[in-house]
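Okay, here's what each chain looks like letter by letter:
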Amino acid sequence: MHLKRNVIGALCTLLLFGAILFVAVPYVLFAVTKTVPLSELKWEKDPSVIALAPITRDGKEGTLIIRLLDGDDHFFDGQARVFHMSENSLVLVPKDIPQDYQGELPLYYIEHGRKIFQLKFVYRFGTIVNVTENLQRTYLAIESYNGKSTQFCVIERITDMKQPTCQQIDVTQTMRSLWNPNHDHELLIQTSDNEIVTFDPWDKRPHRIREDGDAKRFADLLAAINSQKRERVIFSEGSLHRFLSVVLRVTPSGWRLIAVPPFSQVSWLSDIEHILVQEGGRLWVIEYATNRKSEITLPSSDASLQ
């Protein structure tokens, strides 16, 4: 019995030591990491723009956009869906649209965190599930789904018109949609009916390509679609891994460990030298190379990255 108590006591001691090792120590290491203003961080790529919601400001709930270049922010009133065009550009569209609503809806394009463009597009039905842009960033495809069919609205992002024309494309069942990487402004829509719908805004109407109609054209388009199905590697020259309260960065030149709060949320940024850490209403950007961090104070503690 005495031996059993000793074993239990030893196990409890080990558990306590483990708790201290994996909880207290990372907190201490993270706390002593030097804190500097965002403007002092060094970026290999353009700093990201992030979106957080729900955020409450002046009694209103909405979405907060923050650019990591200097911490400057912009608040959008109301619930929104956020779509990432690139590491530093976002699109916001209204969320929870009434089912019987038909008319124009506003769309906000945040470009590099420096400019905000407001466009309006004709909305007919369903939930907006995706927004994509072509490689030249001149057109946007807005995809909505009502549970039965899919509709695409293609609008010109940079235009002299007060409101760009919304060109509608209706598809029964969509498997995948993307802008053709081999064409300046051609949208590809792969359907479950073994066809690929192509739409170039310069042609004004969509074309339906089937394997039994134009086998070569169908094969070329399918190859372009399949080439984009592969998961994009965010870190082409390294990888990041989270182990409890430690983030491991591995590159061809070596590896590095960074301590983070144990119950925090960690997000990878496009620049492998930085990670985003959120704990409640506190947000930090950690810079690996210099072992420094910058803090961004959030107005509410229940916000999450979008």
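Calculation rules
- Residues numbered from 1 in each chain as written.
- Predicted model: local features only at pLDDT ≥ 70, side-chain atom pairs only at ≥ 80, totals over all residues.
- Heavy atoms only, no water.
- Helix = DSSP H or I, 4+ residues; strand = E, 2+ residues; numbered from the N terminus.
- Buried < 20%, exposed > 50% of the residue type's maximum accessible area, 1.4 Å probe, protein only.
- Contact = heavy atoms within 4.5 Å.
- Areas by Shrake-Rupley, 256 points an atom, 1.4 Å probe, with all protein chains shown as cover.
- Salt bridge = Lys/Arg side-chain N within 4 Å of Asp/Glu carboxyl O.
- Pairing = 2+ DSSP bridges.
- Axes fitted to C-alpha atoms, helices over the stretch in contact; angles between N-to-C directions.
- Phe/Tyr/Trp six-rings, centres within 6.5 Å; stacked < 30°, edge-to-face > 60°.
- Polar contact = N/O pair within 3.5 Å; in protein donor to acceptor, adjacent residues only side chain to side chain.

**Student:** Please provide a residue-by-residue account of the overall build of the chain, values included.
**Tutor:** Of regular secondary structure, the chain possesses two helices and 24 strands. Burial status across the chain gives 42% buried among its 306 residues. For the chain, long-range pairs separated by at least 24 residues make up 40% of all intrachain contacts whose partners lie at least 6 apart in sequence. Accessible surface computed for the chain: about 17100 Å², of which carbon and sulfur atoms make up 53%.

**Student:** Would you mind going over the pattern of salt bridges in detail, with residue names and values included?
**Tutor:** Summed over the entire model, instances satisfying the criterion amount to 14 salt bridges. For Arg137, the salt bridge goes to Glu133, with nearest N and O atoms at 3.8 Å. For Glu133, a relative accessible area of 14% gives the class buried. For Arg249, the salt bridge is made with Glu273, and the minimal N-O distance between the two is 2.8 Å. With Arg249 in strand E18 (residues 246–251) and Glu273 in the loop between strand E20 (265–268) and strand E21 (274–279), the pair connects residues that are 24 residues apart, well separated along the chain. Each of Glu111, Glu133, Arg137 and Arg157 takes part in a single network of salt bridges with overlapping partners.

**Student:** I'd love a proper account of the sheet that holds strand E10 (residues 139–145), names of residues and values included.
**Tutor:** Spatially, four strands are ordered E9-E10-E11-E12 in an open sheet, and the strand pairing comes out antiparallel. Two strands bound the open sheet, and with one partner strand each, they are strand E9 (127–133) and strand E12 (167–171). Between one strand and the next, the sheet's axes are offset by a mean angle of 20°, whatever the strand orientation. Of the strand pairs in this sheet, E10 and strand E11 (residues 150–156) are connected by seven bridges, and their pairing is antiparallel. Within E11, the position partnered with Ala141 by the bridge is Val154.

**Student:** How would you sum up the packing of aromatic side chains? Please name residues and give values.
**Tutor:** Within the structure shown, the criterion is met by two aromatic pairs. Their ring planes at 55° and their centres at 5.1 Å tell us that Phe76 and Tyr108 sit as a pair that is tilted. Of the two residues, Phe76 is situated in strand E4 (residues 73–77) and Tyr108 in strand E7 (residues 103–111); the sequence distance between them amounts to 32 residues. Residue classification places Phe76 among the buried positions, given a relative accessible area of 8%. With a centroid separation of 6.1 Å and 40° between ring planes, the pair formed by Tyr101 and Tyr123 is classed as tilted. Linking Tyr101 in the loop between strand E6 (89–94) and E7 with Tyr123 in strand E8 (residues 115–123), this pair joins segments that are 22 residues apart in sequence.

**Student:** Break down the environment of Asp72 for me, with residues and values.
**Tutor:** With respect to the helices and strands, Asp72 occurs in the loop between strand E3 (60–67) and E4. With a relative accessible area of 44%, Asp72 lands in the partly exposed category. The residues touching Asp72, leaving out its near neighbours within four places in the chain, are Ile65, Ile66 and Arg67.

**Student:** Help me get a handle on the environment of Thr132, residues and values and all.
**Tutor:** Inspection of the secondary structure puts Thr132 in strand E9. Those residues in contact with Thr132, other than ones at most four positions away along the chain, are Met85, Tyr139, Leu140, Ala141 and Trp179. Polar side-chain contacts of Thr132 include one of 3.2 Å to the side chain of Trp179.

**Student:** For the sheet that holds E21, give the residues involved together with the corresponding values.
**Tutor:** Read across the open sheet, the five strands follow the order E1-E23-E22-E21-E20; overall the sheet is mixed. Each edge of the open sheet is held by one strand with a lone partner, namely strand E1 (34–35) and E20. Both E21 and strand E22 (residues 282–287) contribute to a ladder of six bridges, which runs antiparallel. Within E22, the position partnered with Glu279 by the bridge is Arg282.

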